[in-house]
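Here is what each chain is made of, one letter per residue.
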Amino acid sequence: VQLQASGGGLVQTGDSLRLSCAASGDTFRWYTVGWFRQAPGKERDFVAGINWSGANTRYSDSVKGRFTISRDNVENTVYLQMNSLKAEDTADYYCAAVYGKEVPSTRSDRYVYWGQGTQVTVSS
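Our subject in this report is the structure included herewith.

About the criteria used
Residues numbered from 1 in each chain as written. Predicted model: local features only at pLDDT ≥ 70, side-chain atom pairs only at ≥ 80, totals over all residues. Heavy atoms only, no water. Helix = DSSP H or I, 4+ residues; strand = E, 2+ residues; numbered from the N terminus. Buried < 20%, exposed > 50% of the residue type's maximum accessible area, 1.4 Å probe, protein only. Contact = heavy atoms within 4.5 Å. Phe/Tyr/Trp six-rings, centres within 6.5 Å; stacked < 30°, edge-to-face > 60°. Salt bridge = Lys/Arg side-chain N within 4 Å of Asp/Glu carboxyl O.

### Thoughts on unusual backbone geometry
Link 1 in the chain: Phi is positive for Ser84, close to 50 degrees, though the residue is something other than glycine.
Link 2 in the chain: The topology assignment puts Ser84 in the loop between strand 8 (77–82) and strand 9 (91–99).
Link 3 in the chain: Here Ser84 falls in the partly exposed class, since its relative accessible area comes to 40%.
Link 4 in the chain: Non-glycine residue Lys101 carries a positive phi angle of around 70 degrees.
Link 5 in the chain: Mapped onto the elements, Lys101 comes out in the loop between strand 9 and strand 10 (113–114).

### Digging into the side chain of Ser105
Link 1 in the chain: Mapped onto the secondary structure, Ser105 falls in the loop between strand 9 and strand 10.
Link 2 in the chain: Discounting residues that sit within four places of it in the chain, Ser105 has contacts with Phe36, Phe46, Arg58, Arg110 and Tyr111.

### Quick word on the side chain of Ser20
Link 1 in the chain: As for its placement among the helices and strands, Ser20 is situated in strand 3 (residues 17–24).
Link 2 in the chain: Dropping the residues within four chain positions of it, Ser20 is found in contact with Gln4, Ala5, Ser6, Trp35, Thr77, Val78 and Tyr79.

### Looking at the packing of aromatic side chains
Link 1 in the chain: Enumeration over the complete set of coordinates arrives at six aromatic pairs.
Link 2 in the chain: Measuring from centroid to centroid gives 5.6 Å for Phe36 and Phe46, while their planes differ by 75 degrees, and the two rings are edge-to-face. Placement of Phe36 in strand 4 (residues 31–38) and of Phe46 in strand 5 (residues 44–50) is noted, with a sequence separation of 10 residues between them. Accessibility classification places Phe36 together with Phe46 in one group, the buried group.

### Things to note about the pattern of salt bridges
Where charged atoms from two side chains of opposite charge come close, those side chains can pair.
Link 1 in the chain: Counted under the stated rule, the structure contains four salt bridges.
Link 2 in the chain: A salt bridge links Arg66 to Asp89; the shortest N-O distance between them is 2.7 Å. Of this pair, Arg66 sits in the loop between strand 6 (57–59) and strand 7 (67–72) while Asp89 is found in the loop between strand 8 and strand 9, placing the two residues 23 residues apart along the sequence. With respect to burial, Arg66 and Asp89 carry one shared label: buried.
Link 3 in the chain: Within this structure, Arg37, Arg66 and Asp89 form a network of salt bridges that share partners.

Function-wise, these values are silent; they only describe arrangement.
What follows is the structure in structure tokens.
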């Protein structure tokens, strides 16, 4: 499966952005998807995940209540709605996928397919 992340940009503190992860190449509805982010000089961290059916979602503590992950299996796309953005949300955001899995993993090494990053910059 091939993943294409998009939707990043430059915004101000408190603004919103919606990232998209568009998939092609396989039956996307069977894949669990995670969003990760990596700030300069830091490790890649888990942000949010959604299982293949959309029934299970998972969030890092730092984004819980502000970010929402969702999926449209007809459009083969997973979304990350980001509200109340903070300067510390600034990073390159990556989507990743793995077949099946009822519970999205927070570990990046559990995901097999990765998209390119989309940059999010939040100015204070």
